Amino acid sequence: MSGTVDLRTMANAIRALAMDAVEKAKSGHPGMPMGMADVATVLWTRFLTVDPADPAWPDRDRFVLSAGHGSMLLYALLHLAGFPKMDMGQIERFRQLHSLTPGHPEYGHTPGVETTTGPLGQGLANAFGMALAERMLAARFGPELVDHWTWVVAGDGCLMEGISHEAAALAGHLGLGRLIVLFDDNGISIDGPTKLATSEDVRARFAAYGWHTLAVDGHDPEAVARAIEEARADPRPSLVACRTIIGYGAPNKQGSESTHGAPLGAAEVAAARERLGWHHPPFVIPEEIYAAWRAAMRRGGEARAAWKARLEAAPAAVRAAFVKAIAGEIGAEVEAAIAAHKAKLFASKPTMATRKASEAALEALTEAVPELVGGSADLTHSNNTITKATKPIRPGEFGGRYVHYGVREHAMAAIMNGIALHEGLVPYGGTFLVFSDYCRNSIRLSALMGLRVVYVMTHDSIGLGEDGPTHQPVEHLASLRAIPNLLVFRPADAVETAECWELALSQRKTPSILALTRQNVPAVRTEPSEGNLCAKGGYVLAEATGGARALTILATGSEVHLALEARARLEARGVPTAVVSLPCFELFDAQPPAYRATVLGEAPRIAIEAASPFGWARYVGSEEDVVAVRSFGASAPAADLFRAYGITVDALVSLAERKLGLAPAA
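What you see is a predicted model; the values in this text were computed from it and never measured. (Residues numbered from 1 in each chain as written. Predicted model: local features only at pLDDT ≥ 70, side-chain atom pairs only at ≥ 80, totals over all residues. Heavy atoms only, no water.)

Q: Where do I start with the sheet that holds strand 10 (residues 402-404) in this structure?
A: Note on sheets: strands pair through backbone hydrogen bonds, and any given pair is parallel or antiparallel. If you walk across this open sheet you meet the six strands as 10-9-11-12-14-13, and the pairing is parallel. Because the sheet does not close on itself, it has two edges, and the strands there are strand 10 and strand 13 (487-489). Between one strand axis and the next, the sheet turns through 20° on average, direction left out of account. Looking at chain direction, strand 9 (residues 372-376) and strand 10 are connected through three bridges and run parallel. Bridged to Gly374 within strand 10 is Tyr402. Taken strand by strand, helix 17 (residues 436-449) contacts strand 11 (426-432), strand 12 (454-458) and strand 14 (512-515), and its axis lies near 160° from that of strand 12. (Pairing = 2+ DSSP bridges. Helix = DSSP H or I, 4+ residues; strand = E, 2+ residues; numbered from the N terminus. Axes fitted to C-alpha atoms, helices over the stretch in contact; angles between N-to-C directions. Contact = heavy atoms within 4.5 Å.)

Q: Even after reading the chapter, I still don't get the pattern of salt bridges, so can you show me in this structure?
A: A side chain with one charge can pair with a side chain of the opposite charge if their charged atoms come near. Inspection of the entire model under this criterion finds 32 salt bridges. Notably, a salt bridge pairs Arg205 with Glu200, separated by 2.9 Å at the nearest N-O pair. What makes Arg205 buried here is its relative accessible area of 10%. What makes Glu200 partly exposed here is its relative accessible area of 38%. Across the pair Lys324 and Glu333 runs a salt bridge whose closest N-O atoms are separated by 3.2 Å. Its relative accessible area of 25% is what places Glu333 among the partly exposed residues. Via salt bridges that share partners, Glu134, Arg135, Asp147 and Arg178 belong to a single interconnected network. (Salt bridge = Lys/Arg side-chain N within 4 Å of Asp/Glu carboxyl O. Buried < 20%, exposed > 50% of the residue type's maximum accessible area, 1.4 Å probe, protein only.)

Q: Looking at this structure, how should I read unusual backbone geometry?
A: Here Phe283, not a glycine, exhibits a phi torsion of approximately 65°, which is positive. Inspection of the secondary structure assignment puts Phe283 in the loop between helix 10 (266-276) and helix 11 (287-313). Relative accessible area serves as the criterion here: at 14%, Phe283 is assigned to the buried category. Despite not being glycine, Asn485 has its phi angle at roughly 60°, a positive value. For Asn485, the location among the structural elements is in the loop between helix 18 (476-481) and strand 13.

Q: Is there a simple way to think about the packing of helix 2 (residues 31-47) against helix 9 (residues 221-233) in this case?
A: How two helices sit against one another is set out by the angle between their axes and by the gap between those axes. The contact between helix 2 and helix 9 brings their axes to 9 Å, and the two run at 55°. What the angle tells us is that helix 2 and helix 9 run oblique. By crossing handedness, the relation of helix 2 to helix 9 is classed as right-handed. The residues of helix 9 that touch helix 2, namely those facing Val39, Val42, Leu43, Arg46 and Phe47, are Pro221, Glu222, Val224, Ala225, Ile228, Glu229 and Arg232. (Parallel < 35°, antiparallel > 145°, perpendicular 65-115°, else oblique. Left-handed = near helix turned anticlockwise from the far one by under 90°.)

Q: What is the right way to read the pairing of strand 3 (residues 179-185) from this model?
A: Each regular strand displays side chains that alternate between the two surfaces of the sheet. Of all seven residues in strand 3, seven are buried, a share of seventy percent or more. On strand 3, burial covers both faces: Leu179, Val181, Phe183 and Asp185 on one face and Ile180, Leu182 and Asp184 on the other are all buried. Where strand 2 (residues 150-155) and strand 3 come together, six bridges link them in parallel fashion. Across the sheet, the residue bridging to Ala154 is Phe183, located in strand 3. Inspection of the sheet shows strand 3 paired to strand 7 (residues 238-243) by six bridges, in the parallel sense. Bridging from a neighbouring strand, Phe183 pairs with Ala241 of strand 7.

Q: Whenever I open this one, the packing of aromatic side chains confuses me. Can you help?
A: Each aromatic ring pair is summarised here by two numbers: the centre-to-centre distance and the angle between the ring planes. Per the counting criterion, the structure on display carries 18 aromatic pairs. Ring geometry for Phe141 versus Phe322: centroids 5.2 Å apart, planes at 90°, classification edge-to-face. Here the residue Phe141 occupies a position in helix 5 (residues 122-141), and Phe322 occupies one in helix 12 (residues 316-327), the gap between them amounting to 181 residues. Just above the ring of Phe585 sits the side chain of Arg481; from NZ or CZ to the centre is 3.8 Å. (Phe/Tyr/Trp six-rings, centres within 6.5 Å; stacked < 30°, edge-to-face > 60°. Lys NZ or Arg CZ within 6 Å of the ring centre and 35° of its normal.)

Q: When you look at the pairing of strand 11 in this model, what are you seeing that I'm missing?
A: By the criterion of burial, strand 11 is predominantly enclosed, with seven of the seven residues buried. The pairing of strand 9 with strand 11 spans three bridges and is classified as parallel. Each bridged residue has a counterpart across the sheet, and for Leu372 the counterpart in strand 11 is Val426. In this fold, the crossover linking strand 11 to strand 12 by way of helix 17 has right-handed handedness. (Right-handed = clockwise from strand over helix to strand, strands pointing away.)

Q: Please clarify how the state of the cysteines should be interpreted in this entry.
A: Note: disulfide means a covalent bond formed between the sulfur atoms of two cysteine side chains. For the structure on display, the rule yields zero disulfides. You can see Cys158 has no disulfide; the closest cysteine sulfur is in Cys242, sitting 13 Å from it. A relative accessible area of 1% means that Cys158 is categorised as buried. (Disulfide = S-S within 2.5 Å.)

Q: Explanation requested: the environment of Phe398 in the structure shown.
A: Mapped onto the fold, Phe398 is located in the loop between helix 15 (380-383) and strand 10. Judged by its relative accessible area of 10%, Phe398 falls in the buried class. The spacing of Phe398 and Met72 is 326 residues in sequence and 35 Å in space, taken between C-alpha atoms. If near-sequence neighbours (up to four positions away) are discounted, Phe398 is found in contact with Leu132, Arg135, Met136, Ala139, Leu174, Gly175, Leu176 and Ile393.

Q: I would appreciate a short explanation of the nonpolar core in the present structure.
A: It is characteristic of soluble globular proteins that their nonpolar side chains tend to be buried jointly. The biggest cluster of nonpolar side chains holds 143 residues, and the ones touching the most others in it are Trp44, Phe63, Met72, Phe128, Leu132, Leu182 and Trp211. What Leu132 contacts, discounting residues up to four positions off in sequence, is Leu174, Leu176, Ile393, Phe398, Val403, Ile415 and Ile419. Grouped together as the second largest cluster of nonpolar side chains are 62 residues, Val454, Ala494, Val495 and Val579 included. (Core = buried A, V, L, I, M, F, W, Y, C linked by side-chain atoms within 4.5 Å.)

Q: I'm lost on helix 7 (residues 162-174) in this one. Help?
A: Each α-helix turn comprises 3.6 residues. Residues three or four places apart therefore point the same way. Here helix 7 spans 19 Å end to end across 13 residues, near enough to the 18 Å set by a 1.5 Å rise per residue. Buried within helix 7 are the following residues: Ile163, Ser164, Ala167, Ala168, Ala169, Leu170, Ala171, Gly172 and Leu174. Downstream of helix 7 by one or two residues, Gly175 has phi in the positive range, about 75°. (Expected span 1.5 Å × (residues − 1).)

Q: Please clarify how the sheet that holds strand 2 should be interpreted in this entry.
A: If you trace the five strands from one edge of the open sheet to the other, you get 1-2-3-7-6, paired in parallel fashion. Of all strands in the sheet, those with a lone pairing partner are strand 1 (62-65) and strand 6 (212-217), marking the two edges. Strand-to-strand twist in this sheet, taken as the mean axis angle between neighbours without regard to direction, amounts to 20°. Contacting strand 2, strand 3, strand 6 and strand 7, helix 9 runs over the sheet at an angle of about 170° to strand 6.

Here's what the structure looks like:
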């Protein structure tokens, strides 16, 4: 109760806004917002700690609508609570171009939206990452500065998706007790009753993961409040199964799939108004209902003021470190660490796999940057992602900086998104490049949301050898390069690997992939240079000598040294040849045309990469000008595979001869 307005009336305001917005848009999902309105009203008015006056204050609770199709639930809550810019005009423009109320919630677009949701299960796993980040930051800075909850509204679809199994198992194992999932247990999916496709006992499943579970009537506000109190009191993560009626209040359609993903229709909206006792025109909320919602939200403002006082009272060093961590300001430390590390590399000129070179760079970076948090999907010592500074996190012990994700690539990627969204930590995680397929939807969402997440993808070609075609990536580089706002780095040696790490961590709004070799590669950058040569995505590694360029060879990663060897043979025959290292297509494509023209030159161009040639035609005449892998791999030692698939100096020289019309060398 808030004054003279009861919780049911406050919830009916959500239902009315959801019905009206979907009806006006002639598109959307009214059923879930109408069904979960009572649960959401209890949560937001009695438990959730947020402040509409400052939607991003660091110690706020996180609220994640994993069932993102029900976005009008969240938009109605943000509007009623008084979040900035979320006026009634935005509600009326639901699903319209440039509105703040898109079909699915979008992080960075709408104030109060903590993550982009829509692909089911993603928000759930993001929330687990947020809850993990909260515990890790609390271990570092103490409960005076970090002490909040993560709340999730998830539906049947979220819990059917495989990612929910991966993520929930890890959350239960780690004991993320400040995580509470409110399961919209309405028994309906798009096709009809969920019994068409599933008969599992969801609570038993989560209990097996180590969760606290309970069930409640989702339309009994006091019962919901008691269930939430019980969940908060339990040290385990909690799943509250809220039995609801989808489309609650629509007398002819509630409880059926017809309310899930389509407008109710004018007649049913009118009937629902009568059933709910809501006698106000569309998009009109009485002032006393607004007043009740705004009064309930004052609790968050008071909590923020108290937190701010605690921050100001903290020791200066702690306060400065906390503010810096939340701001994500790690650039100076990264630059200094990489500069010192590169100086050692130029002196030693190591021959090593770039995955080992990445490990060496991480040793320097994690020592200098306490915000860096690592992990791997059960391939720690293959990905080389753990360092002396990153001690593992264990159940109930969150003072470490390394997450053993287990064989859960998809959950790892989505959890890293959640860690990045929380702010205060910068996540990286490893698996084999071929298993980026398991991570792909989460990688795409990293890019869509503009998150600084680093994916360490090792074993990047047929060069991984004996594990064979199931583990050898071929099409993966091309497919990942197709994702907007994603940097795909394929460094050639230890120096380029260090520079690519520096670049990945300098990207505040862009995720990165580091594609790294299993096999050793020689040093190709042996002389100190000014600045980060990889920063422009591509550069002339070796210019032609003996005259104007007759040929330019483009290469990435483990094939750069092959390009240099081919250059030496061609120049010995009087063919002035340049080699361009192209560690990042995306950064190179972003350079001014004049720079790209200078690097690429006017001479004929060929390329080499131990992957699909798809995408190379932007730099060379056609895919026929690329020494590449055009089929799946095979199980054999790496050297044998490179010979068998023609990823050799001989093949590159032969291609050059054909391109230039030269007779084969004797």
